[in-house]
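Geometric and topological summary
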Amino acid sequence: MARWCYRHRLVVLLVWVGALFGVGFSASSAGTDYANVFSLPDTDSKSAYDLMQKAFPNTSGDTDTVVWKVDRGSVRDAAVRDRVQPALDAIAKVRGVGAVAGPYDGPRGAAQISRDGTIAYAQLTFVQRANEIPKDVVQHVLDTAQGAERGGLEVELGGQAIQRVQEPPQGLSEMVGIIAAAVVLFLAFGSFFAMTLPIAIAVFGVGMGLFSTQLLSHTTNIPDIAPLLASLIGLGVGIDYALFIVTRHRRGILRGMDPEEAAVTALNTSGRAVLFAGGTVCIALAGMLVTRLRFLDGVVIGTSLTVVLSVLAAVTLLPALLGFLGPRVLSRRQRRRLAAEGPAPEGASGLAARWSANVERRPRQIAALAVVVMAVLAVPVLSLRLGATDQGNDDASTTTRKAYDLLAEGFGPGFNGPLQVVSAGGDTATLVEDIRATSGVARAAALPPARGVTVIQVVPTTSPQSKETDDLIDTLRDRVIPKAGADAHVGGVTAVSKDFAAVTGDRLPLFVATIIGLGFLLLLVAFRSLVVPLTAAVMNLIAAAASFGVLVAVFQWGWGLDLLGLGKEGPINAFLPVIMLSLLFGLSMDYQVFLVSRMHEEWVHTRDNARAVRVGLAETSRVINSAALIMVCVFLAFVLSGDSGAAMAGVGLAAAVALDAFILRTALVPAAMHLFGTSNWWLPGWLERRLPHLAVEPQEESAAAAPEAPAGPAGPATAVHGFVRTADGDPVEDASVTLMSTGGRQLDRVTALADGSYIVSVPAPGAYLLAVTSPSYGSRARHLTVTEGPLVYDVELTGDEVDAVT
């Protein structure tokens, strides 16, 4: 497939461009129909909503608020009333508005004016819940109300329906994330053309995913946060997956391969790993379905679809783009060096190799330090409180935030989250009196009953997101209502949020067990080991605890919130743990696969655990860290989205990826594998025989070229040895001799001794590539075939070529 896409690159590019524009045009024409459906059966708030819908079909929807304030005088002044009341009357006639209760409606309305007379509010009750109200209706209500403004009279609106039309600027966070990723890619590749490849793949994958999700919103319930989360994870995985493939492709060209063969090899090795990694991310996202929370079903659809399209772009569009670039995927300096010196093996060197050797020397100290760091960061998670943020977390420039602040100023913070106690029987009068006498209640008033149902509006003294309001709901349900002997339920947006958090918390253990179990099984089959998947499961839990600790410290304790511009501290969004754990599990699996697959490959060839861990870490840590740095930049950019849920997800995922890549995969995992020794690769024989075989990367060509080799995983070890000399017969003591598989993987590397002698180890009989380089001579490579015994292979360097004489 990679070869076909490479050779038919124009066709592939035109198909992708056509698909992107076609789906984009369809999505733009159809518009959006996102819906936040909270299905919480068997909860008290759901019972309250059902009663209200039965008794008050025109007032069972969400209640929003119009707030106005005067700079001088009073809101009771005729001049103010003559401007505001006509606007309220016009709103009452809008389709979808069930009732409007204003401060000028007799004695009952007088309570809707603040004590100093400068702030007043009117309640708008829609016939539907916020997610079901058409946005054009809400926008008309907003425009009508704010049309009453004048100098000295400020009019703002708050509520769930109003918040839906106050969307932050679209595309800013994505653009910042792409720019930051481009900087990292340019530093990593040193080539503008190579930098653009992962960006292009991410743009196509995310663009197709978002447009497709928008179209699907007309056929199924997809929440409005799904596109934000889909673009967040799509940009991250799209850029990272392309990064892994392009890195392998560039390495092949540097080692002397034709660009087409390098692309085919890259897709047939790293491309397979990308398919495996993308599959694990989708499986992790699908794990959200076990929570049976309908709100998350749409999130699973949007994010999984974007990941699938990003993977599809990486394995089809990317080889086509590589075909357009050819050798220009290398930097100019690399192309000049390749032309002057010929192909050279690319082994691990520099900081990565030194760090890998250091981990091998001091595994206990490094493991202990990493555990301490992660434990300290995880401490705040002990005070984790799930809930829902309110409009006090909106951007300060939005009308919802201004209305929130005006209500808190004039009537106290509890007015931003009233409760609805819905009674279907019993002594309602006693219930009202008992509610008023309850600590934490600022005001309680019963509305006229209908069809035997009475609604009591309860205003707490504290804000909707405060713990005291949660405690008040529990008090009303557990003590006040039973004591009054009434058949009543507590509803309202605040109560729904609390019940959603409770249901999520109850189902979280099952969800965690599901995704950890799936990850264990996948790694067990891929690496034929019990210890490797068990280690990965523990690491995932450690990363989750530490990242949630960072979330609690920032958003719940308020550390650094002012820098983020996200209002005051509050609980962690109830849906966030499920979404974050899914994404964290998938991304952690990616890094675990890329790291351990290289270690496992080395272990199969050498049966030397220390060498396998050292080589695997040295050769993969740089690309893993680059990929992680890109993801951190993309995730942190979503702080600029203006959406508190997306900002929480961005900060949490950025912390999780940074901790996972820079501490766990770079330090703790390799240190632990050094300590475990050969136990890393232990698997009981009976289990080995029953497990299906799943290879993340294809079998090396050398193994395929050696039918006489035994079927065992390692085969008989042998060697290639000889002398490196000049044309005059003088020894070349500074020559570097590297043995590679025909696929380009380095197997052994040595430096010739003073007499020019060298010896490299061969894992099994087969076809190999021997590369010899010297600063004083040219650099060339020769194919050779190793049989059962050691092979003598003398090399003569002439300055412009490498001639081999057996």
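These numbers come from a predicted model, not from an experiment.

Within the chain, the regular secondary structure consists of 26 helices and 19 strands. Taken along its principal axes, the extent of the C-alpha atoms in the chain is 110 × 50 × 40 Å. On the chain, roughly 32300 Å² of surface is accessible, and the fraction owed to carbon and sulfur atoms is 58%. Of note, the chain has its 62 positive side-chain charges centred 1 Å away from the centre of its 71 negative side-chain charges.

Let us look at the environment of D471. Note that D471 resides in helix α18 (residues 467-484). Sequence separation between D471 and G789 is 318 residues, and the spatial gap between their C-alpha atoms is 78 Å.

Attention now goes to the side chain of T118. Looking at the secondary structure, you find T118 in the loop between α5 (106-109) and β3 (119-126). For T118, a relative accessible area of 16% corresponds to the buried category. Contacts of T118, omitting those with residues within four sequence positions, involve W68, K69, V70, G73 and V75.

With that out of the way, let us pick up the nonpolar core. With 155 residues, the main nonpolar core has M288 and F635 as its most contacted residues. Counting 28 residues, the second largest nonpolar core, distinct from the first, contains V80, V94, I133 and L153.

The 4 strands lie next to each other as β7-β8-β6-β9, forming an open sheet whose pairing is antiparallel. Of all strands in the sheet, those bounded by a partner on one side alone are β7 (441-446) and β9 (488-491). Ignoring which end each strand starts from, the neighbouring axes of this sheet average 20° apart. Across 4 bridges, the pairing between strand β6 (residues 419-423) and β9 is antiparallel. Its bridge partner being in β9, V421 is matched across the sheet by V490. Where helix α3 (residues 44-55) meets the sheet, it contacts β6, β8 (454-460) and β9, and its direction lies at approximately 105° from that of β9. This element, α18, spans β6, β7, β8 and β9 of the sheet and lies at about 175° to β9.

Here we come to the pattern of salt bridges. Throughout the structure, instances matching the rule amount to 15 salt bridges. A salt bridge links R3 to E260, with the shortest nitrogen-to-oxygen separation between them at 3.2 Å. Taken together, the positions of R3 in helix α1 (residues 2-7) and E260 in helix α11 (residues 259-286) put the pair 257 residues apart, joining distant regions of the chain. Across the salt bridge formed by R614 and E360, the nearest N and O atoms sit 3.2 Å from each other. One end of the pair, R614, is in helix α23 (residues 609-637); the other, E360, is in helix α14 (residues 350-361), and 254 residues separate them in sequence. Several salt bridges share partner residues, and in doing so they unite R3, R7, E260 and E261 into one network.

Turning our eyes to something else, we now look at the confidence of the model for the chain. When the pLDDT values of the chain are averaged, the result is 83; 91% of them are 70 or greater. This model gives residues 700-715 a pLDDT under 50, and the stretch forms 26 contacts once residues within four places in sequence are excluded. Throughout residues 801-806 the model reports pLDDT below 50, and contacts reaching past four residues in sequence, or to other chains, amount to 20 contacts.

Owing to its 3.6 residues per turn, the α-helix aligns residues three or four sequence positions apart on the same side. Helix length check: helix α2 (residues 9-30), at 22 residues, gives a terminal C-alpha distance of 32 Å against a target of 32 Å (1.5 Å per residue), a fit within 8%. Structurally, α2 contributes buried residues whose contacts are with α1, α9 (192-216) and α12 (294-325). Trailing α2 by a residue or two, G31 shows a phi angle of about 80°, which is positive.

Here we take up the pairing of strand β18 (residues 794-797). The alternating pattern of β18 places V795 and L797 on a buried face and D794 and E796 on a face that is not buried. The pairing of strand β11 (residues 718-726) with β18 spans 3 bridges and is parallel. Along β18, the bridge assignment pairs R725 with E796.

This part covers empty space enclosed by the protein. Throughout the structure, instances matching the rule amount to 5 cavities of 30 Å³ or more. In this structure, the largest cavity occupies an estimated 70 Å³ of space. Elements with a minimum of two residues in the lining of the largest cavity: α19 (493-527), α20 (531-556) and α22 (576-606). Of the residues belonging to the lining of the largest cavity, the class tally is 8 nonpolar, 1 polar and no charged.

Let us look at the environment of V67. Inspection of the secondary structure assignment puts V67 in strand β1 (residues 63-70). C-alpha separation for the pair V67 and V299, spaced 232 residues apart in sequence, amounts to 34 Å. Not counting residues within four places of it along the chain, the set of residues in contact with V67 comprises I119, A120, Y121, E154, V155, E156, A403, L406 and L407.

Attention now moves to the packing of aromatic side chains. A full pass over the atoms with the stated rule returns 6 aromatic pairs. For the pair W603 and W681, a centre-to-centre distance of 5.8 Å together with 15° between the ring planes defines the contact as stacked. You can see W603 sitting in helix α22 and its partner W681 sitting in the loop between α24 (644-676) and α25 (685-690), a full 78 residues away along the chain. On the basis of relative accessibility, which here comes to 9%, the residue W603 falls in the buried class. W681 gets classed as buried once you look at its relative accessible area, which sits at 9%. The positively charged end of R9 is found above the aromatic ring belonging to Y6, 5.4 Å away from the centroid. Taking the ring centre of F723 as reference, the NZ or CZ of R725 above it sits at 4.4 Å.

Turning our attention to a positive patch on the surface. Taken together, the side chains of R332, R333, R336 and R337 define a basic patch exposed on the protein surface. Locating R336 in the fold gives a position in helix α13 (residues 332-341). A relative accessible area of 55% means that R336 is categorised as exposed.

Where α11 meets α12, the closest approach of the two axes is 9 Å, and the angle between their N-to-C directions is 175°. Here α11 is positioned roughly antiparallel relative to α12, judged by the angle of their axes. From α11, A263, L267, G271, V274, L275, G278, V281, C282, L285 and A286 reach across to α12, where they touch V300, T303, S304, V307, V308, V311, A314, V315, P319 and L322. Its residues assigned to classes, the contact of α11 with α12 comprises 16 nonpolar, 4 polar and no charged.

Moving on, we come to the packing of α22 against α23. Where α22 contacts α23, the two axes come as close as 8 Å, and the packing angle between them is 160°. The orientation of α22 with respect to α23, classified from their angle, is roughly antiparallel. By crossing handedness, the relation of α22 to α23 is classed as right-handed. Within the contact of α22 with α23, the residues separate by chemical class into 15 nonpolar, 4 polar and 4 charged.

Of all the positions in helix α17 (residues 428-436), only L431, V432 and I435 are classed as buried. End-on, the buried residues of α17 take up no more than an arc of 100°, which puts them together on one face. For α17, the secondary structure elements touched by its buried residues are β6, β7, β8, α18 and β9.

The next thing to look at is the sheet that holds β3. Spatially, 4 strands are ordered β2-β3-β1-β4 in an open sheet, and the strand pairing comes out antiparallel. Here the strands that pair on one side only, and so sit at the sheet edges, are β2 (97-101) and β4 (153-158). In this sheet, neighbouring strand axes are inclined to one another by 20° on average, regardless of whether the strands run parallel or antiparallel. Where β1 meets β4, 6 bridges bridge the pair, whose relative direction is antiparallel. Bridge pairing links T65 to G158 in β4. Most of the contacts of helix α4 (residues 78-92) go to β2, to which it runs at about 160°, and overall it touches β1, β2, β3 and β4.

Reading guide: rules and limits
- Residues numbered from 1 in each chain as written.
- Predicted model: local features only at pLDDT ≥ 70, side-chain atom pairs only at ≥ 80, totals over all residues.
- Heavy atoms only, no water.
- Helix = DSSP H or I, 4+ residues; strand = E, 2+ residues; numbered from the N terminus.
- Areas by Shrake-Rupley, 256 points an atom, 1.4 Å probe, with all protein chains shown as cover.
- Lys, Arg positive; Asp, Glu negative; His and termini not counted.
- Charge placed at Lys NZ, Arg CZ, Asp CG, Glu CD.
- Buried < 20%, exposed > 50% of the residue type's maximum accessible area, 1.4 Å probe, protein only.
- Contact = heavy atoms within 4.5 Å.
- Core = buried A, V, L, I, M, F, W, Y, C linked by side-chain atoms within 4.5 Å.
- Pairing = 2+ DSSP bridges.
- Axes fitted to C-alpha atoms, helices over the stretch in contact; angles between N-to-C directions.
- Salt bridge = Lys/Arg side-chain N within 4 Å of Asp/Glu carboxyl O.
- pLDDT = per-residue confidence, 0-100.
- Expected span 1.5 Å × (residues − 1).
- 1 Å grid on protein atoms, 1.4 Å probe; cavity = no way out; pocket = protein on both sides within 12 Å on 5 of 7 lines; lining within 4 Å.
- Points joined across faces, edges and corners; volume = space filled by probe spheres on them.
- Nonpolar A, V, L, I, M, F, W, Y, C, P; charged D, E, K, R; others polar.
- Phe/Tyr/Trp six-rings, centres within 6.5 Å; stacked < 30°, edge-to-face > 60°.
- Lys NZ or Arg CZ within 6 Å of the ring centre and 35° of its normal.
- Patch = residues over 30% accessible without salt bridge, like charges linked within 9 Å, V, L, I, M, F, W, Y side chains within 5 Å.
- Parallel < 35°, antiparallel > 145°, perpendicular 65-115°, else oblique.
- Left-handed = near helix turned anticlockwise from the far one by under 90°.
- Arc of directions from axis to C-beta.

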